[in-house]
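Chain residues, written in single-letter form:
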Amino acid sequence: MKSVSFIQRNTQGHWVGDGFPVRTLFSYNDDPAAFSPFLMLDYGGPTVFDATTKRRGVGAHPHRGFETVTIVYDGEVSHRDSTGAGGTIGPGDVQWMTAASGIVHEEFHSEAFARTGGAFRMVQLWVNLPARDKTAPPGYQGITAAQTPVVELPGGAGTVRLIAGAFEGTQGPARTFTPLQVWDVQLKAGHTVTLPAPEGHTTVPLVYQGRVKTPDGQEAGDAEMIVFERAGEGVQLTALADTTLLWLCGEPIDEPVVGYGPFVMNTEQEIRQAFVDFQSGRMGRL
């Protein structure tokens, strides 16, 4: 079994635009090798928004060199990008955007959610791409809750909702460039589960809501992430309360990480080129 390396926490929040209050639990500016292939995770909410006619969110901005994965738990998010793709996602839905060679997009609360207001909770994850795929065409996957298969855990311990990767012979719908497990796991209080995590893979489950304990007695609660050693296979967790867990496991990308703002590449020259390409319109326009 994998052992715990450390618990990642961040109690300091900030706003992304005027629609997304988040805590960044890790980013490529911290220790990119420790979290590879994952680059960043923003834990959004919980927040209650008043009704408004204003557009809340983030206007047109670029990305290159990675993918963004937005998972909504409460509220609605609308996306539009320079490829012509887009849509609105609500509870249980996912937007998986491949920036790759470059994309310009915007993210706002949906008009319907803005008009009514209410509870808002979400996560946005950034997933790195290997050098060979950083120049791939950009793309977009809109994955609804209805398209996401759910597998029951043994003994009534809970469920695994598969966004990417396979579990017990069932495959999640997201297409990925490298081996990934991105699952929404529901655990019932008092149950102990063993989840698969391959030898050598980065395993960094986020406790979205609830509380779990590891075999060595360490505990993690809301908005805390358990970073496991890469050695060993599988992870054992005991739910101390009903828990929502975002399970993140992936094959590390053993390449240099050079990032600046919305661009993540392998060299400083590639970052400079990204700014030139964006400013000249070669990443597209909204």
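Preceding this paragraph is the structure being described.
My aim in this report is to walk through the structure given alongside it, one point at a time. (Residues numbered from 1 in each chain as written. Predicted model: local features only at pLDDT ≥ 70, side-chain atom pairs only at ≥ 80, totals over all residues. Heavy atoms only, no water.)

## Some thoughts on the environment of P137
Reasoning step 1: Of note, P137 is situated in the loop between β11 (118-128) and β12 (139-143).
Reasoning step 2: A sequence separation of 36 residues divides P137 from S101, and the C-alpha atoms of the two residues are 5.8 Å apart. (Helix = DSSP H or I, 4+ residues; strand = E, 2+ residues; numbered from the N terminus.)

## Considering the pairing of strand β3 (residues 20-26)
Reasoning step 1: Counting buried positions along β3 gives six out of seven residues, so the element sits mostly inside the fold.
Reasoning step 2: The pairing of strand β2 (residues 14-16) with β3 spans three bridges and is antiparallel. Following the sheet pairing, H14 is matched in β3 by V22.
Reasoning step 3: Hairpin connection from β2 to β3: three residues lie between these consecutive antiparallel strands, with G17 at a positive phi of about 60°.
Reasoning step 4: In terms of strand pairing, β3 meets strand β4 (residues 38-49) through four bridges, oriented antiparallel. When the sheet's bridge partners are listed, V22 is paired in β4 with G44. (Buried < 20%, exposed > 50% of the residue type's maximum accessible area, 1.4 Å probe, protein only. Pairing = 2+ DSSP bridges.)

## Here we look at helix α3 (residues 268-279)
Reasoning step 1: Relative to the 16 Å expected for twelve residues at 1.5 Å per residue, α3 spans 17 Å between its end C-alpha atoms, a close match to the ideal helical length.
Reasoning step 2: Along α3, the residues that are buried comprise I271, A274 and D277. Along the axis of α3, the buried residues cluster in a sector spanning 120°; they form a single face. Projecting away from the buried face of α3 at angles above 90 degrees are the exposed residues E268 and Q279.
Reasoning step 3: Where α3 is buried, its residues contact β26 (258-260) and β27 (263-265). (Expected span 1.5 Å × (residues − 1). Arc of directions from axis to C-beta. Contact = heavy atoms within 4.5 Å.)

## Quick look at the sheet that holds strand β7 (residues 77-81)
Reasoning step 1: Pairing is antiparallel in the open sheet, where four strands are placed in the order β5-β10-β7-β8. The sheet is open, and its two edges are formed by β5 (57-63) and β8 (86-89), each paired on a single side. The sheet shows a mean angle of 15° between the axes of neighbouring strands, taken without regard to direction.
Reasoning step 2: Where β7 and strand β10 (residues 103-109) come together, five bridges link them in antiparallel fashion. The partner of R80 across the bridge, within β10, is E106. (Axes fitted to C-alpha atoms, helices over the stretch in contact; angles between N-to-C directions.)

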